[in-house]
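# Reading the structure
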Amino acid sequence: MPTVIHRTRSELEVQRERLLADVNMSYEELAERAAMYSLSMDELDVWHTIEGLDYLLEGDS
């Protein structure tokens, strides 16, 4: 049986900001480096997580 995690919009936004702070980059910097394939594995994990969070936040508006 799959596990479902329920989070509020504000919790997702806080998580997104925390992830960006963890890699010491703005969203724009992270996106630019992702486009150039110049992220470390940890940074790439953050990028994919942020993409997922953005998808969820987009659907919530």
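Preceding block: the structure.
Keep in mind that what you see is a predicted model, and the values were worked out from it rather than measured.

Here we come to the packing of helix α1 (residues 9-22) against helix α3 (residues 41-59). Their axes nearest at 10 Å, the elements α1 and α3 cross at an angle of 155°. When the axis of α1 is compared with that of α3, the two are roughly antiparallel. Seen from above, α1 lies across α3 with left-handed handedness. Here Arg9, Leu12, Glu13, Gln15, Arg16, Leu19 and Leu20 of α1 lie close against α3, whose contacting residues are Val46, Thr49, Ile50, Leu53, Asp54, Leu56 and Leu57.

What follows concerns the environment of valine 4. You can see valine 4 is positioned in the segment before α1. Note: C-alpha distance between valine 4 and leucine 39 (35 residues apart in sequence) is 29 Å.

Time to look at the side chain of glutamate 43. Mapped onto the secondary structure, glutamate 43 falls in helix α3. The class of glutamate 43 is buried, set by a relative accessible area of 14%. With sequence-adjacent residues up to four places away left out, glutamate 43 is seen in contact with Val23, Met25, Leu30, Arg33 and Ser38.

This brings us to the packing of aromatic side chains. The geometry of an aromatic ring pair comes down to the distance between the two centres and the angle between the two planes. Throughout the structure, instances matching the rule amount to 1 aromatic pair. Note on tyrosine 27 and tryptophan 47: the rings are 5.7 Å apart at their centroids and 35° apart in plane angle, and the pair reads as tilted. Of this pair, tyrosine 27 sits in helix α2 (residues 27-35) while tryptophan 47 sits in helix α3, and the two are 20 residues apart along the sequence.

As a further point, take the environment of glutamate 17. On the secondary structure map, glutamate 17 appears in helix α1. A relative accessible area of 47% means that glutamate 17 is categorised as partly exposed. Spatially, the C-alpha atoms of glutamate 17 and glutamate 29 are 14 Å apart, while their sequence positions differ by 12 residues.

What counts as what
Residues numbered from 1 in each chain as written. Predicted model: local features only at pLDDT ≥ 70, side-chain atom pairs only at ≥ 80, totals over all residues. Heavy atoms only, no water. Axes fitted to C-alpha atoms, helices over the stretch in contact; angles between N-to-C directions. Helix = DSSP H or I, 4+ residues; strand = E, 2+ residues; numbered from the N terminus. Parallel < 35°, antiparallel > 145°, perpendicular 65-115°, else oblique. Left-handed = near helix turned anticlockwise from the far one by under 90°. Contact = heavy atoms within 4.5 Å. Buried < 20%, exposed > 50% of the residue type's maximum accessible area, 1.4 Å probe, protein only. Phe/Tyr/Trp six-rings, centres within 6.5 Å; stacked < 30°, edge-to-face > 60°.

Spatial relationships are all this shows, so hold off on functional conclusions.
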